[in-house]
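Chain residues, written in single-letter form:
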Amino acid sequence: MTDRKRPEGRDAYRWFLPIATRWIDNDVFGHVNNVQYYSYFDTTVCSYLVESGQFHPTRGDLSAVVAESGCAYFASVAWPDRLEGALRIDRLGSSSVRYGVAVFREGAAMSSAGGHFTHVYLDRESGRPAPLPEALRGALAPLVV
């Protein structure tokens, strides 16, 4: 038996974001460097939050910090691949959210990489954990699996 994460299909996610790879994303091995996937995850999460209209990373009473993230890689992608960031909510806490995130080649059935990304929401002034406002909870609720 193994604890290794396996690729997931599109049906495991609730929201998708088109992502264009860039020449600079590739490394000397000819594929997207592992660190870029974290950028794709962050972009996917923050894009959903901003598009929801209920959170902005630089405005409002709340800020957020990444408390934990992780990624498992299943299939290489390389520039000029067109990708899709995939998002779901694995856990909606009182002041934190654990997002399930993945990267798919555009139109692919199975993920090329998948992982998690946990935000702790903070009161911008005090820097202390803050409860998620109901409007933000409402925007996140459709993504809960």
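Below is a short write-up of the structure. Only a predicted model underlies this, so the values are computations on that prediction, with no experimental measurement involved.

Moving on, we come to the environment of Val65. Mapped onto the fold, Val65 is located in strand β2 (residues 62-73). Overall, Val65 belongs to the partly exposed group, its relative accessible area being 38%. Val65 sits 55 residues away from Val120 along the chain, and the two C-alpha atoms are 5.5 Å apart. Dropping the residues within four chain positions of it, Val65 is found in contact with Thr118, His119, Val120 and Leu122.

Moving on, we get to the sheet that holds strand β4 (residues 96-105). Strand order in the open sheet made by the five strands is β1-β3-β4-β5-β2, with antiparallel pairing throughout. In this open sheet, the two strands that pair with only one neighbour each are β1 (15-20) and β2. Neighbour to neighbour, the strand axes of the sheet diverge by 25 degrees on average, direction disregarded. Where strand β3 (residues 82-92) meets β4, nine bridges bridge the pair, whose relative direction is antiparallel. Bridge pairing in β4 links Ile89 to Tyr99. In the packing of helix α1 (residues 34-52) onto the sheet, contacts are made with β1, β2, β3, β4 and β5 (113-123), and the angle to β1 comes to roughly 130 degrees.

Conventions adopted
- Residues numbered from 1 in each chain as written.
- Predicted model: local features only at pLDDT ≥ 70, side-chain atom pairs only at ≥ 80, totals over all residues.
- Heavy atoms only, no water.
- Helix = DSSP H or I, 4+ residues; strand = E, 2+ residues; numbered from the N terminus.
- Buried < 20%, exposed > 50% of the residue type's maximum accessible area, 1.4 Å probe, protein only.
- Contact = heavy atoms within 4.5 Å.
- Pairing = 2+ DSSP bridges.
- Axes fitted to C-alpha atoms, helices over the stretch in contact; angles between N-to-C directions.

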